[in-house]
Structure formats: structure tokens, C-alpha cells
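Summary of the model geometry
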Amino acid sequence: MGKVKKSTKKFNKNHLKGELERRNKFKKTKQLIKKREQKKGKKTGSSHGEQSDEEFTGIEEVDNLAEFAESSLKGAGANMDVSKFMEADPNNDDGSSDASDSEDIDALLSEGDDDSDSDEMATGSDNEEPDSDDEESFKEQFESMKEKDPEFFKFMQSNDPGFLQTMEEATDEEDNDEESDDQDNEGTGKDGNDNDDVEMDDDKGADKSKSVLVTAKMLESWEKDVAGKHSLRSFRRLLLAFYSASHMNSESDSSNKMPFRIEGMTVFNKTVATAIRVAPGAFKHYAPIEGGKINRKASGKKWNVVQALVKSYLSSLLELMRQMSDVVMVQYLVKECERMIPYYGCFVRFTRDLVKELLRQFGSTSADDNVRILSLLVLRQLVSVSGTEITDMALKGIYLTYVRSSNLRNISSLTKIQLMRNCGVELYGNDANASYQHAFVYIRQLAIHLRNSMQLRSKESFRAIYNWQFINSLHFWTEVLATYCGDRADEQPEFCATLESLVYPLTQILLGVVRLVPTAKFFPLRIHCLEQLVRLSSATGVYIPILPMIIEMLESPEFLSRRPIKSTLKRPQFEALLKAPGQYDHTRVYLEVVLEHAFDLLADAFASQSVRIAFPEWSVPAVLQVKRWRKRVGQSWPKFSKQLQGLLDKVEQTSRMVQQRRGKVDFGPANLTGANQFMSDVGADETPIGAYAASLRKVRAQQRATLVEAETNDE
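Here is a short report on the structure shown in this document. Everything numeric here is computed off the predicted structure, so don't read it as measured data.

1. Section: the pattern of salt bridges
Under the criterion given, the structure shown has 25 salt bridges. Between E263 and R261 there is a salt bridge whose closest N-O contact spans 2.9 Å. Judged by its relative accessible area of 34%, R261 falls in the partly exposed class. The salt bridge involving E652 is made with R656; its shortest N-O contact spans 3.8 Å. Of the two residues, E652 and R656 both sit in helix α33 (residues 638-662), four residues apart, roughly one turn of that helix. Residue classification places R656 among the partly exposed positions, given a relative accessible area of 42%.

Have a look at this one:
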């Protein structure tokens, strides 16, 4: 049997006793906890079902909202755990990963030992002799263990007798070695004390373990060998240098593990540039790519040889991206990751790490819009070639990243939030079933929050709903459903068929948020929700009763019962408000902005139904209410009253247009197919009210762009 290593002896001397005691205590504690849980389960098993039934109660304010909050996934059984497909958390590993980065670099170093040159690389010696003082102290401690600590010795005999036997054999061998050494020293006439030799061996090991300094000539030589001779040895050394460069500032890797040493920004930049320029071509030589995937048959045994190199390169790219803050460099690295997607797809752990890093870049406050767009493109390509685990991880991660970053602070952040929302909507267009599962879970989550708020009726429960993250979450799912069930329904019919069942619950949630606190100070929030309802109705063709809620704002006591207060306050920007500040309470400047948004909503709501066969009859109640409002308070708001008159004229023109087309049809009201295809050759923007609403939207877009530009310049 070989000698026991120095590290083993030190551990046995300092930590073994405490470690064994700790493990024994842990086992006893674990057994006690299991017994307690079993007792509790027997007592509470019968009453658990009653408690769960009491938690989920119906809501009278919003029809069928409680049923949706208690429902499960479409086509799933009652016992299905909805959170199974959500287990892939982009911020936490699940533990089932491949070898670590340190193991990859150790594999590279072990492969390089056979063909490494002594002038470029030197490896440390593993055959260091233990110090004589440590050996003597360990032997004395082991021999006196029976006398000083007999209880621990008995414990070791009962739990691990093989360990004691090993220690006894090791001490016997050490005694024999010492006796033989003494005999040799006496026979040769050498002195028994060889501390000088031990120090020399330590110095040699330290010299061998030093990292090799990378120079520009070495990089040029490696690149030349890889490009001309396809030298695997030079390629391995280049990737090791790249690994050292990318992990220079990494806390996870200690400096003594680095095989190469990089000094100076010039050498660092040249190392990174050379590796990124050479690696893709070299990998294609050893592992060719066909159809976006690595051809294992064509690679043969070469893939087994180059696999460790691929892992090292992918790890270095990710680590370098984590450390970089320069926007141009981050874009360059993201593009390089896009080129390496077929290789990332071979390793689940690196694919997960790449998704996490892309999501981090996507949600970074300092990231550029180009970086976000590139991250989205790489994510889409990664999802298209990966399995369901990566797809779920990407969909969940991009939504949660959007929600975390959607806390609106000013007008200038509108652009970033809108870009992130559009990117998320694009990513949800890859897999219909996965998109439905995630949309169902998160829309149901919003419904549960709203239901709890309606039940509690407290300020804290209202704050859980009336915040930017909740409203922007609703906006996200509104865009997803409006895009794939409306704008792209003809291009992707499978998405429309899968997601259209979620339009109704999302509409119910929006209506519930509008009616939660119907006071004047929350008019900005109501306007945001009504805009989303108009968008959903016009895109999907689903009728939503929006006009009554718009007219409800006009007929509030703020306009009918009280005179507005004159004020010199700055005009409020509803785009960045959910609740009116206290100083704007019942001021004229605030109510004027409310009327402007109400007018835009009326125009969009009329335009969304302008090609329906029942438009003339459908618009009559709203037209009568608007005329009555103008008669009662129109004199107090002359500008808005004049705009309303123009809007009513456009509605009347559209009604005559629909009646003329309706007089030429040859089917009756019972023919639903013919009614749905009525005026299918005419777009909503081609009707008088539709064209008028489109012009108003252009004006609003220009005004918003001007505001964003002005605030950006001020910052």
C-alpha cells in the first residue's frame, strides 16, 4: 500500500473528529424531523382538503374569473402539477449539469502533457514527499488515540473499522520506510537529515507550476500552425491561453490553476482576437456542421478528441461576456455565440449558461438596444434547435426579465420597455404549445392577484394591482394574443387555434382592473387598460364592451357636478402615470388631458367595429350619450365639444356607408358566415371613422416621440 498523502493526514488531524460528529448529529436530527412530519401528516391529512376549498371562493364583480383562477391547463388531468414545465429557472441551476469548468481545463491540461514542449509549458510535480515533522506528529497522535480518547476510538471501531486498519498499515509502512532509510544512510555514510533536499524539491515544483507568459510571437506561431497544419497541440495551447485571458478576473478560478499568464492589454486583445478568429474554422475541420447541427458520423473519433476543446472555448466565451462592459465588445461576443450555437447545443449545461447570460444582457440597465436585439435573435435560434427544457427556460426567463425591468420611472424608459415587450412577443412565436402553457400560468397568476385584491379591499391589496409591473404584464400578454390571434393569425394559424382560448380570461382581468377602484385619481390607469382592450378587440375581432366604460369617465362627477379648479401646474403625462398626483386633484389641466385621451379612445373604439354589419345600430346608444354630454357640459369644454362633433360626423358617414353596402347583400341575419364576411374587402382604416382614428394615432405617436427625445436630451 502506498503512503498516505500529506493533505489526508492534516485532515485526519484537524477535522476528522468534528466531521464525523457533525454527520452523526445530522442523521439523528433528520430522523427526528421525519418522525414529526409523519405525525403531523396523520393529524392534518383529513382537514387539508377543506382548507384549500375555503381559500378559493367565487367573485361576483367579474364573471368566471374565479373559475379561471382555479382551472388547470387545457387537456391536463386534475392531478397534474402545473409547475413541472416551469422548473427550469433561468437564475438557478437544477443540479443536473455536466462537468465543471475546472474539470474541463484539467482535461485539457492532461491531454497536453503528452505533446507539450518544455520551453513553453511546465507542469507541477505531484510526487512531493511529506515533511518528516508531519509524519512523526501524525504517528504519535494515532498511537496515543487509544489512551487520550478511548470513546472516539471505540466509535471509529464500530462505524469505520477499515479506516483504522488503513491508518495502522500506513504507520507501519512509514516505520519500515524510516528504518530502511536509516540503514541506507548508515551504509552510504550520508547524514540522516535531508531537509535541504526537500527544500530543493519544493523549489523545483514551484518553478514547474508557474504559468507561461504569453507573447505575440507565440500567438502568431500557434495561429500559423492551426491554419496551415491543423496542429491540435497548437490549437489546444491557444485555447488554454484564451481560457486564461477570459478568467483573469474571475473569482471562481484561482491564479495557480491558470496554465498561461497574460500581461498587458495588447497581448490580451491579441489573444482574444486570435482565438475567436481561429477557433470556428478549426472546430469545423474536426467536427463539421451540416444543417445547423454537428455531423457526428462525419466527425467520427475526432469529436471525442476535440470535445474538451469545445467545452473550454464555450466556457471562455461566456466568462468573457460576463466581465465585459463595453457595448461594442459585448455585441461582438454575442455574434460569436451565435456562430457557435451548434456546438452549444451539444452540451445542456453550456446551453443553460448561454440562455442565462443572454437574458442578463437583455435585461441589463446599461445594455444598448442593439445588444437586446442581438440577444433576442440568438435566443430564437437557440430555442429553434434545442429541446423543450431550453424552450421553457427561455420563455420563462424573457418574461420574468421583462417584468423586472418594466417598472416605469419616466417617459424615456417607455422606449426600452416597449422594445423588450416586442422582443418577448417575438420569442413566444416559436412553439405554440410551450407558449400556451406559459401564457396560461402567468395569466392565471394575474387573475389570482386580482381576485385576492377584490376580496380583501385594502390599500395593500390595491397596491398589488395598481403598479407598473402588473399593468405591463397585462400589456405583454395583450400583445402576445393580439399578435398571434389577430395580426399573424393567417400566417400562423396553429398559434391562433392554441392561444385564442386565453383571450376571454385576459379580457375579464382587464375589465376587473378597470372597475377595481373607479375614482377620478385612477383615470390614467383606466385609460391604460382601455387602450389594451381596444388593441385586443381590434386585432382579434372579439367584441368587448369598451364604449360604456369610456362614457362612464365622461359622466363622472368631476365633469358634471363640480367646476374644475384653475391651475398653473405642468401638463401631466399619462404615459408615465397610473395615479394622478395630489396637487392635480380636480384641476382643469388634469381633466383636459383626461378628455383628450377619452376622445382618442372613442375614435379607436368606433373604428374597431366600423366594418361590422351591425355598426349603424351598435353605435346609436353611444352617439346619444355623447350628444347628451355635449348638451349638458359642452360649454365648459368648448375645444373638446367641437372635436366630439367632428367625431360624430365621421360615425354618421360610416353608418351610411355600411347601410349602403348592407342593402346589396343577398343573405339574412341568420346567415352568420355571410355576416362575418361582410365588408371583408374593406379595411378598418378605409372607413371614414377608421381613417380619422388613424390620423389621430399618427399625431399621438409624433407627440410621444417628441416627449421622449426632449427628456432624453435633458438627461
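Following the structure, the description resumes.
2. So, the nonpolar core
Judged by nonpolar contacts, the single largest core of 178 residues is most densely connected at F283, W477 and V513. When near neighbours in sequence (up to four residues on either side) are disregarded, F283 contacts F235, L239, P288, V306, L309, V310, Y313, M340 and Y343.

3. A few points about a positive patch on the surface
On the surface, K459, R463, K521 and K579 cluster together into a positively charged patch. The residue K521 is located in the loop between α26 (503-516) and α27 (523-540) in this model.

4. Describing the packing of aromatic side chains
In this structure the tally under the stated criterion is 26 aromatic pairs. Centroid distance F347 to F350: 5.9 Å. Interplanar angle 85 degrees. Geometry classified as edge-to-face. Both residues of the pair, F347 and F350, belong to the buried class. Centroid distance F574 to Y590: 5.7 Å. Interplanar angle 50 degrees. Geometry classified as tilted. One end of the pair, F574, is in the loop between α29 (557-560) and α30 (588-608); the other, Y590, is in helix α30, with 16 residues separating them in the sequence. With respect to class, F574 is no different from Y590; both count as buried. An aromatic cluster is present here, built from Y399, Y402, Y428, Y442, F476 and W477 joined pairwise through their rings. If you follow R349 out to its NZ or CZ, it ends over the ring of F350, 4.3 Å from the centre. The ring of W637 has R588 lying over it, and the distance from NZ or CZ to the ring centre is 4.3 Å.

What counts and how
- Residues numbered from 1 in each chain as written.
- Predicted model: local features only at pLDDT ≥ 70, side-chain atom pairs only at ≥ 80, totals over all residues.
- Heavy atoms only, no water.
- Salt bridge = Lys/Arg side-chain N within 4 Å of Asp/Glu carboxyl O.
- Buried < 20%, exposed > 50% of the residue type's maximum accessible area, 1.4 Å probe, protein only.
- Helix = DSSP H or I, 4+ residues; strand = E, 2+ residues; numbered from the N terminus.
- Core = buried A, V, L, I, M, F, W, Y, C linked by side-chain atoms within 4.5 Å.
- Contact = heavy atoms within 4.5 Å.
- Patch = residues over 30% accessible without salt bridge, like charges linked within 9 Å, V, L, I, M, F, W, Y side chains within 5 Å.
- Areas by Shrake-Rupley, 256 points an atom, 1.4 Å probe, with all protein chains shown as cover.
- Lys, Arg positive; Asp, Glu negative; His and termini not counted.
- Charge placed at Lys NZ, Arg CZ, Asp CG, Glu CD.
- Phe/Tyr/Trp six-rings, centres within 6.5 Å; stacked < 30°, edge-to-face > 60°.
- Lys NZ or Arg CZ within 6 Å of the ring centre and 35° of its normal.

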